[in-house]
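# Survey of secondary and tertiary structure
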Amino acid sequence: MKTYDFKSIEKKWQDKWDEEKTFAAKQDFSLPKYYCLVEFPYPSGNGLHVGHLRTYTGLDVVARKRRLEGYNVLYPMGWDAFGLPTENYAIKNKIHPRAVTERNIALFKRQLKSIGFSFDWGREVDTTDPDYYKWTQWIFLRLFEKGLAYKKEMAVNWCTSCKCVLANEEVISGGCERCGSEVVRRVKSQWMLKITAYAQRLIDDLDEVDYIERVKFQQKNWIGRSTGAEVDFHTTAGGDIRVYTTRPDTLFGATYMVISPEHALIDTWADRLTNLDEIKAYQEESARKSDFERTELSKEKTGVELKGVRAVNPVNGNEIPIFISDYVLVSYGTGAIMAVPGHDTRDWEFAKKFGLPIIEVVQGGDIEREAFTDCETGVMANSGFLNDLSVEDAKVKITGWLTETGKGESKVNFKLRDWVFSRQRYWGEPIPIVICPHCGFVPVPESELPLKLPEVESYEPTDNGESPLAKLDDWVNVKCPCCGADAKRETDTMPQWAGSSWYFLRYCDPDNGGAVASREALEYWTEVDWYNGGMEHTTLHLLYSRFWHKFLYDIGVVPTKEPYAKRTSQGMILGENGEKMSKSRGNVVNPDDIVDENGADTVRLYEMFIGDFEKAVLWNSASIRGCRRFLDRTWALQELGFSNQKGIRPEMEGDIHRTIKKVSQDIESLKGNTAIAALMTLLNMFYDSGSVTKEELRIFLLLLNPFAPHVTEEMWQTLNFGSGISGQRWPSWDEEKCREDTVEIVAQINGKVRAKLTVPADIAEADAVAMAKEEPKIAEMLRGKTVLKELYVKGRLVNIVVK
RNA sequence: GCUGGUGUGGCGGAAUUGGCAGACGCCCGGGACUUAAAAUCCCGUGAGGGCAACCUCGUACCGGUUCGACCCCGGUCACCAGCACCA
């Protein structure tokens, strides 16, 4: 058997698809639509990764199947091209980032086309194109207008290597998400987006979308909603300290308070504090620590008592000491806590170290040994009017009491922080704001958008934390659009996540000069029906774009509350040695090489066959051969000889229909591995039977087409099966025909298989049991035994229980 | 530490969710074709025992429920991922 010439065949069809725009989404909005989306890549100089292929192939299979099912499919591709690697490469090699970007896009595009993806290339978007980022800036101005974009001086995450601030979502275990370098705190004035205003809706609306569970779980976890109460504690200095607690029921157990070292009250009390030097020293020490050091769990608790001021527990009037400690974060709740050492591990550790009283207010634990925290079902003690109540009832009662007495109120808190949105780098969208000494922050007028990135000689980041744009006096100095006075431009740029927060909208109407996209196009195409992308974007891009989309919904730009109806996620492809693919490990597989060696269809097939789509898999170059052989054998069906019979041979009917069903259903759950296995099994049947009919082959090619589009198109043409396979209809199955007339069931004695027998599928229980008993082997084993029970499971087994 | 997930042959992985464990493929062994090799085709392939038909064991480990458990329950271990002093 000869192998087929994949090189010429694949080239031929790719050129034809390009020329004829076979996969362009139609402008006819009366057709049923389907919007398939994959995360657009960052076009790095390394080119495409086999991991990209996995996600793009997965949804390419879905998109191709949908077209065959008669949908008007939008499956677009574009470039998330702003970003640091390009900028760093440009600096190092003294090339403009624009030139680097264009080169990398060309590389990616060539590679993507060589795989035969059915992208609609007429709708390509590029986040660095001024015609595109005009609208990124436009959305920013709408956010600013609504008070959701604001500039604030605050302690932010600073990557020491990128020389740039990071959002909370970009800090992974104290390191930079991109480069892994140390992240330190630095006080800077930053643009922020008020994503916290959407925290509750970002949680609630997860109920309305079809995302895989772990994505929903991780987003909820990240947003971190908790319910509790805020309580005011009077102080001997006159003012109050407000704390947030999720356990107001334990108020009687609060034996001291802790406020964060950055808490504003400390300065106001300076006159009264008798150990101010000690306090100042502690504050400075905390400020010096990196986030990582501060949050290290294993370390011992530290802190300093604020001598000279005491707080009063509102529920019993007891005077209690106040401490500062860095285990209380200024950024969460009110930056102050009531400490209940009996029922909180951190408070317990702190109390033990500083010799503070520990009171049991929920019965059942041993607070001498450890904090009793797992006490939600306990009963209250030492708690005045809460005594003998369940924890649940105590929460209700104390919250009521706090509200009535004006000493507090119930309160919901989130872990989610506002999104730090400015970056001190060159290769990003300029923030379209002018800073005027009289008018403050003034938006650049819409007519002046896009505010283009100025050409510069050097893009080096600065050590003083300023954007490289700050050096361009001509660009920076402008007249205030409002009052005409001398003013300056904002010189920070937007983070990489800006352009990707709305790109899926642009695909709907990519050339629109007057809007993000036309209302008509958005009404038709959105929501995205199926979005696939990486788990690493769950609390970054995916969360950010949901936030922007909800905002755009609120101001009437988009017609849907949520951007994506369905979200799935592919597992990572690891190197052959089980490690993450990377240049330094030397285990990177280059798509160009394997496509050149095996052909695109084989590689596509392998990427789908390699294992569970959602799980991480190891690349195995030897296994590709199996997929290659399968396609060779498919090609060779043309030489097998056709059966004279018309239609499907009766003996093949059941298998054909079952295969249609299996492949159709498996594609819907991205189970390419079992779909392909079913096709392999069917092919083996054709060979075992020594022939195939044209109708059988026609169906087989259609089922295989989404996985291996080139070879199936070629065979379709060679065999004269009519106009191109891409214009055909997906085969349907007949449930009746999937059923088998006779089935093989097993006969068991005490649950162990002892014989197999073939019976009619609809056999009655009594008959099946009787047949089983007639089997010589079963009869033999039954001799001299007492039958206790006889069981029959339809189409499966007979089990005889004996003693 | 908390939360979620995973654990099946030499390997990647199947198994209609309580009903024949190991589909499909890779690797490997044997054979055919060939001067030879590659490719291809055929046969075998969880472990142990038996000439055989067959028998025993086997889904990380220990125990339980059940006529019957990879699947359900209790406990243990290992690995992966997310969060990580969030009061």
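Up top you'll find the structure we're talking about.
Let me sum up the structure you'll find in this document. If you're wondering where the values come from, they're calculated on a predicted model, not measured in any experiment.

## Overview of the nonpolar core
Grouped together as the largest cluster of nonpolar side chains are 87 residues, with contacts concentrated most on Phe140, Trp419 and Trp548. By residue number, the principal contributor to this core is helix α5 (residues 130-145), which donates nine residues. Core analysis: the next-biggest nonpolar cluster, separate from the first, contains 83 residues, Tyr34, Ala63, Leu112 and Leu719 among them.

## A word on the sheet that holds strand β18 (residues 419-420)
Taken together, four strands build an open sheet; the order of strands is β6-β5-β9-β18 and the sheet is antiparallel. Every interior strand has two partners, whereas the edge strands, β6 (164-166) and β18, have only one. As judged from the eleven bridges shared by strand β5 (residues 149-159) and strand β9 (residues 183-193), these two strands associate in the antiparallel manner. Counterpart to Lys152 in the pairing with β9 is Gln190. Strands in contact with α5 are β5 and β9; relative to β9, the strand with the most contacts, it is inclined by about 85 degrees.

## Concerning the pattern of salt bridges
In total, this model carries 51 salt bridges according to the counting rule given. Each member of the salt-bridge network shares a partner with another, and the members are Lys65, Arg66, Glu69 and Glu668.

## Re the protein's contact with RNA strand B
Around RNA strand B there are 56 residues in total, and Phe217, Arg346, Arg629, Arg796 and Asn799 lie nearest to it. A distance of 2.6 Å is found between a sugar or linking oxygen of RNA strand B and a backbone nitrogen or oxygen belonging to Ile610. Arg633 places a side-chain nitrogen or oxygen 3.1 Å from a phosphate oxygen of RNA strand B. Elements represented by at least two residues in the surface near RNA strand B include exactly α7 (213-223), β12 (240-245), α19 (624-635), α22 (672-689), β27 (742-749), β28 (752-760), β29 (787-793) and β30 (797-802). A class-by-class count of the residues in the surface near RNA strand B yields 22 nonpolar, 15 polar and 19 charged.

Criteria and cut-off values
Residues numbered from 1 in each chain as written. Chains lettered and ligands numbered in written order. Predicted model: local features only at pLDDT ≥ 70, side-chain atom pairs only at ≥ 80, totals over all residues. Heavy atoms only, no water. Core = buried A, V, L, I, M, F, W, Y, C linked by side-chain atoms within 4.5 Å. Buried < 20%, exposed > 50% of the residue type's maximum accessible area, 1.4 Å probe, protein only. Helix = DSSP H or I, 4+ residues; strand = E, 2+ residues; numbered from the N terminus. Pairing = 2+ DSSP bridges. Contact = heavy atoms within 4.5 Å. Axes fitted to C-alpha atoms, helices over the stretch in contact; angles between N-to-C directions. Salt bridge = Lys/Arg side-chain N within 4 Å of Asp/Glu carboxyl O. Near = heavy atom within 4 Å. Polar contact = N/O pair within 3.5 Å; in protein donor to acceptor, adjacent residues only side chain to side chain. Nonpolar A, V, L, I, M, F, W, Y, C, P; charged D, E, K, R; others polar.

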